[in-house]
Amino acid sequence: MRNKFALVLGLAITWLGCSKEIFEQPVRDTKFPQAYKSDHTLGLKINSIIQEYSKKGLPGISVAIADGEGVWEGAAGYARIEDNQPMSNGGVHAGGSVSKIYTATAIMMLHEQQKLQLDRSIDNYLPRHIAGKIKGAGNITVRMLLSHRSGIPDYIADDNFRLHWFNDLSQRWDLEKILKFVNRRNYLEPDAAYQYSNTNYVLLSLIIEHVGQRQEGEWMSDNVFHPNGLKYTFYKNSKDFLDGFAMPNFYMDRFGDGRLQNVSLPTRVEIYSEYGDGGLVATSLDFVSFMQSLTKHKIIGSKSLEIMSTPTKESEYGLGLDLFNYGKKLQFGHQGAVFGGSSLLLYFKEQELALFIAANCDATLVGGKTLHLFHEMKNRICELVAAVSS
């Protein structure tokens, strides 16, 4: 979920000089192997690509697809490079901003249930003590949050927030800290412009919880995950829920030259701290299974999905879905990033195919080798899929 993070590189370098044992994390034994078609035609071609990019320098890669031929999952490289633990199928991966698709879907569910209206102001759906801390809440609608047109500043982009985070990488942040740093920055006029802000999706999480009258993690499990067979999708299940299964270690290309620094601890702190802006994790096959359920209208109706996937003015962003055009064809989904990881969940409309890609290295913070390799690999896979005849 990280945007324009290079400004804090100097701070990052300071704390990265600490002992590496602070950052490394064990890879748990608990994996969730799921059945897949090992001889999937497209999967075999994708596998050759990810093996190639593992050899070029990406630490670990996981990919899954789901289409009319079946589901396929593949992995390459290492879950933990310090002792050559391989990346393997059945592990759990960070969604980063891919989480926003799930959050937006939940809001559309509540909309379909007539529990909220997209064009009513957010002060109708937030707890009073929260709404009172958002400037102009009475003029900001739910739709504006979903489409990043609210004018509310992005807490992640605040230099003071980042200083606070880097000052103690083991300390999780909470809602009070998020709102404190948001209000240090200038708001735009509601609906004046598209401005990507993670704060929008934190507030949408609070709306889900307030309107749904449940803890958000419980609501998501009972209404989105379990009814759609997503047994290996996790979001705020418990205080230390990431300890319950195998996740790879996470890495940063500190100098932009391919030398990788283990940043697993701060990455896990980030996942724990985030809300619907980036706190969801799942197996690769669960990610594509969710997208298949969404696009087959098993979660929300076709009209709601059309609203989500229609771009708003002055952007290629709809309501929780970004539009792509690989092969000059329509795809929608979301890219994601955590401090030491990158992801993409995409639906290819013509091919009726869902694709998930994850790598355990950051592709947004530092320009250089791993950033170039991840995006080059991602683009090759997406162009390959887009070229498949429907």
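Enquirer: Just to check I follow, could you spell out the pattern of salt bridges for this structure?
Expert: Two side chains carrying opposite charge are able to pair once their charged atoms lie near each other. Taken as a whole, this structure holds 18 salt bridges when the rule is applied. Across the pair E52 and R380 runs a salt bridge whose closest N-O atoms are separated by 3.0 Å. Of this pair, E52 sits in helix α2 (residues 41–56) while R380 sits in helix α13 (residues 369–386), and the two are 328 residues apart along the sequence. As a salt-bridge pair, D243 and R268 come within 2.5 Å of each other at their nearest N and O atoms. Placement of D243 in the loop between β5 (233–234) and β6 (251–253) and of R268 in helix α10 (residues 264–273) is noted, with a sequence separation of 25 residues between them. The class for R268 is buried, based on a relative accessible area of 10%.

Enquirer: Just to check I follow, could you spell out helix α3 (residues 99–112) for this structure?
Expert: Owing to its 3.6 residues per turn, the α-helix brings residues three or four apart onto one side. Along its 14 residues, α3 runs 20 Å from first to last C-alpha, staying within 8% of the 20 Å computed at 1.5 Å per residue. For α3, the set of buried residues is S99, K100, I101, Y102, T103, A104, T105, A106, I107, M108, M109 and L110. In the segment just after α3, Q114 is the residue with positive phi, at about 60 degrees.

Enquirer: Whenever I open this one, the layout of surface pockets confuses me. Can you help?
Expert: Using a probe with the size of a water molecule, rolled over the atoms, empty space left in the structure can be pinpointed. The space that makes up the largest pocket amounts to roughly 400 Å³. Forming the boundary of the largest pocket are 21 residues, of which E209, Q215, E216, K236 and Y275 lie nearest the centre. Breaking the lining of the largest pocket down by element, the ones donating at least two residues are α4 (128–131), α8 (198–212), α9 (216–225) and α10. In terms of residue class, the lining of the largest pocket is made up of 7 nonpolar, 8 polar and 6 charged.

Enquirer: Would you take a moment to explain the sheet that holds strand β8 (residues 281–283) for this structure?
Expert: Strand pairing in a sheet relies on backbone hydrogen bonds, with the paired strands running either antiparallel or parallel. If you trace the 3 strands from one edge of the open sheet to the other, you get β4-β8-β5, paired in antiparallel fashion. Across the chains shown, the open sheet's two edge strands, defined by having one partner strand only, are β4 (92–94) and β5. Contacts between helix α11 (residues 284–295) and the sheet are confined to β4, β5 and β8, with β8 contributing the most and set at about 100 degrees to the helix.

Enquirer: Can you help me understand the packing of aromatic side chains in this one?
Expert: The way to describe two aromatic rings as a pair is by their centre distance and the angle between their planes. Per the counting criterion, the structure on display carries 16 aromatic pairs. Ring geometry for Y194 and Y317: centres 6.0 Å apart, planes at 40 degrees, overall tilted. Pair noted here: Y194 is in the loop between α7 (175–182) and α8 and Y317 is in the loop between α12 (302–308) and β9 (322–324), with a separation of 123 residues, a long-range link. Here F241 and Y272 contribute two aromatic rings whose centre-to-centre distance is 5.6 Å and whose plane-to-plane angle is 90 degrees, an arrangement assigned as edge-to-face.

Enquirer: When you look at the side chain of H334 in this model, what are you seeing that I'm missing?
Expert: The residue H334 is located in strand β10 (residues 331–338) in this model. Within polar-contact distance, the side chain of H334 engages the side chain of Y317 at 2.9 Å. If sequence neighbours within four positions are ignored, H334 has contacts with S97, V98, K100, I101, Y196, Y317, G320, F324, L344 and L345.

Enquirer: Before we go on, may I ask you to explain the sheet that holds strand β1 (residues 60–67) in this structure?
Expert: Ordered in space as β3-β2-β1-β12-β11-β10-β9, the 7 strands form an open sheet in which the pairing is antiparallel. Bordering the open sheet on either side are β3 (85–86) and β9, each of which pairs with just one other strand. As defined by bridge partners, β1 adjoins strand β12 (residues 353–359) across 6 bridges and the pair is classed as antiparallel. When the sheet's bridge partners are listed, V63 is paired in β12 with I357.

Reading the values: rules and limits
- Residues numbered from 1 in each chain as written.
- Predicted model: local features only at pLDDT ≥ 70, side-chain atom pairs only at ≥ 80, totals over all residues.
- Heavy atoms only, no water.
- Salt bridge = Lys/Arg side-chain N within 4 Å of Asp/Glu carboxyl O.
- Helix = DSSP H or I, 4+ residues; strand = E, 2+ residues; numbered from the N terminus.
- Buried < 20%, exposed > 50% of the residue type's maximum accessible area, 1.4 Å probe, protein only.
- Expected span 1.5 Å × (residues − 1).
- 1 Å grid on protein atoms, 1.4 Å probe; cavity = no way out; pocket = protein on both sides within 12 Å on 5 of 7 lines; lining within 4 Å.
- Points joined across faces, edges and corners; volume = space filled by probe spheres on them.
- Nonpolar A, V, L, I, M, F, W, Y, C, P; charged D, E, K, R; others polar.
- Pairing = 2+ DSSP bridges.
- Contact = heavy atoms within 4.5 Å.
- Axes fitted to C-alpha atoms, helices over the stretch in contact; angles between N-to-C directions.
- Phe/Tyr/Trp six-rings, centres within 6.5 Å; stacked < 30°, edge-to-face > 60°.
- Polar contact = N/O pair within 3.5 Å; in protein donor to acceptor, adjacent residues only side chain to side chain.

No statement about biological role is implied by the geometric values presented.
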